[in-house]
4 protein chains.
Amino acid sequence: MPAELLTPADHAVVARAVDAARRLTIPGIQEVGAAVRTGDGQIFAAIHFESATGFATVCGEVAALSLMIAAGRRDVELVAAVWLDQDGVVYVLPPCGRCRELIADCNPAARVIVSRDDDHWQPQASTALVTLPIADLLPRKSHRLRG
Amino acid sequence: MPAELLTPADHAVVARAVDAARRLTIPGIQEVGAAVRTGDGQIFAAIHFESATGFATVCGEVAALSLMIAAGRRDVELVAAVWLDQDGVVYVLPPCGRCRELIADCNPAARVIVSRDDDHWQPQASTALVTLPIADLLPRKSHRLRG
Amino acid sequence: MPAELLTPADHAVVARAVDAARRLTIPGIQEVGAAVRTGDGQIFAAIHFESATGFATVCGEVAALSLMIAAGRRDVELVAAVWLDQDGVVYVLPPCGRCRELIADCNPAARVIVSRDDDHWQPQASTALVTLPIADLLPRKSHRLRG
Amino acid sequence: MPAELLTPADHAVVARAVDAARRLTIPGIQEVGAAVRTGDGQIFAAIHFESATGFATVCGEVAALSLMIAAGRRDVELVAAVWLDQDGVVYVLPPCGRCRELIADCNPAARVIVSRDDDHWQPQASTALVTLPIADLLPRKSHRLRG
């Protein structure tokens, strides 16, 4: 089984995503915080933003990867995304299909933080977290990036 | 006619987009540099990145807006995006339809730097630049963002 | 001024979009009907569908273009999209930035049906319709399709 | 193991996707044929189309789902997508992350035809096909559609 428990350093990635959500949330417009860690231990945190035309919405993971790439790196090794409800309960969210593509494009060996239990919308789900390889979340990726 | 000539401060936005493209280009993967300036004069510069599945590709403007929003701002007032050919010739590119939506979502009064002449792929086009209101590039926007 | 009044044949395109919306609407999931007419007078009508992850949502125009292309044609000459409120009032909606790209990719000379007045969300707006060239709705298109 | 061998009826879905690709391919613009079968045995076949701005590209699966939904159905039960090389060799392609979202949005119990072997770009891969549940291709889907 490829799921692994989080190290303290991994929990820091979640903490940065939560911090981004707390600082930057605008209800209905900016809600999902995300953070990515590169191979040298840097963490890039950002927040999602909605478009009035839904298709153009930018996920938290896309935003965090944008910061990473603008800083000259592509070696994402760990990803976390979170949403907080009105009571401040943290939900750790798996990436959507597009973000899975982009994470795997940057680094096919990246890992993603998810709840141990499948149902990430349970209020207790974020109290037990694991990491999964991106390849487990996007098996049989159709196309690989060529440099 | 709403086109306006660039101020020296506006040219600095182009320069930051060019600088991002020069520093960060990876042929076929990262090529279009972009920069956005907010109302307080801050400039956020970034680069586009391709996905192996084209639909997931992140434009330079999306990346630059991601940096801006992660920094707690939405008041984009000026946008520039550039691509450099093998000889280093700079082409100032208008935003695609998705980026027009996102720019207008952030600030319906934002302006975009484009070549004065319509054909931005002419090698000389970037030597004469103007700014246009985003509303001229996306007239009759279908939906408006509600907070 | 490039806006043109609708011919009876053009009104039939709107009617097909309205018919698609009436037949196929599922509130919150399928709502925007669209229709496209090709050079030989065929009309292809379809409906938009939401994704649970907003970015994957398929606009009505994308769906109608998909039918047209599956039928072996790319020569879209006229496009209409409509949304009906709970009272059955018809709103003729301009295409979003992505759909403008796709329409222009198929045929840079295509026209789009919009309300004569800018504010298409006014309940009376759809009683006075005009057609506009897609190039007016997406001026300075950044990239052209090459076969 | 959830992979299942194809029935003759399942092979007919592949055949329809191949037929769409053979009839409709325009190199560089329309290349990936796709077909979906609904619960009542109807098959809807279509082809992907590129946009000049990559993000707007419409996958074959999106196009085929558009036909299905325009026909008043959402109960996709089987999906296939194919690409043919210059020699006519058929490659059965897994859906991208966006298409996985849309397939699962329509029917979380849908199945997808893929090559038995993981590397679908091997010229022999399409000679041994299986079906997989969409949930295996998009585990931990982040959001579910609500009607």
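See the structure above.
Since this is a predicted model, take the numbers as computed values, not measurements.

Student: Looking at this model, I keep getting lost on the interface of chain A and chain B. Mind explaining?
Tutor: Interface size is commonly expressed as the accessible surface area that is lost when the partners come together. Listed by partner, the interface residues are 37 residues for chain A and 37 residues for chain B. Summed over both partners, the interface of chain A with chain B buries about 2800 Å², with 73% contributed by carbon and sulfur atoms. For the pair chain A and chain B, the interface holds zero salt bridges. The interface formed by chain A and chain B includes six residue pairs in polar contact (both at pLDDT 80 or more). Elements supplying a minimum of two residues to the side of chain A that touches chain B: α1 (8-24), β3 (43-47), α2 (60-70) and α3 (97-106) of chain A. Looking at side-chain class alone, the side of chain A that touches chain B contains 20 nonpolar, eight polar and nine charged residues.

Student: Got a minute to help me understand the interface of chain B and chain C in this structure?
Tutor: Taken together, the contact between chain B and chain C spans 23 residues of the former and 23 residues of the latter. Of the roughly 1700 Å² buried at the junction of chain B and chain C (both faces included), carbon and sulfur atoms supply 51%. Among the residues chain B hides against chain C, the three largest losses belong to R100(B), R140(B) and S142(B). Together they make up 38% of the total. Residue D118(C) is joined to R140(B) by a salt bridge in which the shortest nitrogen-to-oxygen separation is 3.3 Å. Seen at the junction of chain B and chain C, the total is 18 residue pairs in polar contact (both at pLDDT 80 or more). Taken together, the elements giving at least two residues each to the side of chain B that touches chain C come down to α3 (97-106), β6 (111-115) and α4 (134-137) of chain B. Per element, the largest residue contribution to the side of chain B that touches chain C is four residues, and it comes from α3(B). Class assignment of the residues belonging to the side of chain B that touches chain C gives a composition of nine nonpolar, five polar and nine charged.

Student: Teacher, can you tell me more about the packing of aromatic side chains here?
Tutor: Two aromatic rings are characterised by how far apart their centres lie and by the angle between their planes. Under the criterion given, the structure shown has 14 aromatic pairs over all chains. Here Y91(A) and W121(A) contribute two aromatic rings whose centre-to-centre distance is 5.8 Å and whose plane-to-plane angle is 40°, an arrangement assigned as tilted. Linking Y91(A) in strand β5 (residues 90-92) with W121(A) in the loop between β6 (111-115) and β7 (129-133), this pair joins segments that are 30 residues apart in sequence. Assessed through its relative accessible area of 7%, Y91(A) is described here as buried. With a centroid separation of 5.7 Å and 45° between ring planes, the pair formed by W83(D) and Y91(D) is classed as tilted. Residue class for W83(D) comes out partly exposed when judged on its relative accessible area of 25%.

So, how was this worked out
- Residues numbered from 1 in each chain as written.
- Chains lettered and ligands numbered in written order.
- Predicted model: local features only at pLDDT ≥ 70, side-chain atom pairs only at ≥ 80, totals over all residues.
- Heavy atoms only, no water.
- Contact = heavy atoms within 4.5 Å.
- Buried area = accessible area lost by both parts, 1.4 Å probe.
- Salt bridge = Lys/Arg side-chain N within 4 Å of Asp/Glu carboxyl O.
- Polar contact = N/O pair within 3.5 Å; in protein donor to acceptor, adjacent residues only side chain to side chain.
- Helix = DSSP H or I, 4+ residues; strand = E, 2+ residues; numbered from the N terminus.
- Nonpolar A, V, L, I, M, F, W, Y, C, P; charged D, E, K, R; others polar.
- Phe/Tyr/Trp six-rings, centres within 6.5 Å; stacked < 30°, edge-to-face > 60°.
- Buried < 20%, exposed > 50% of the residue type's maximum accessible area, 1.4 Å probe, protein only.

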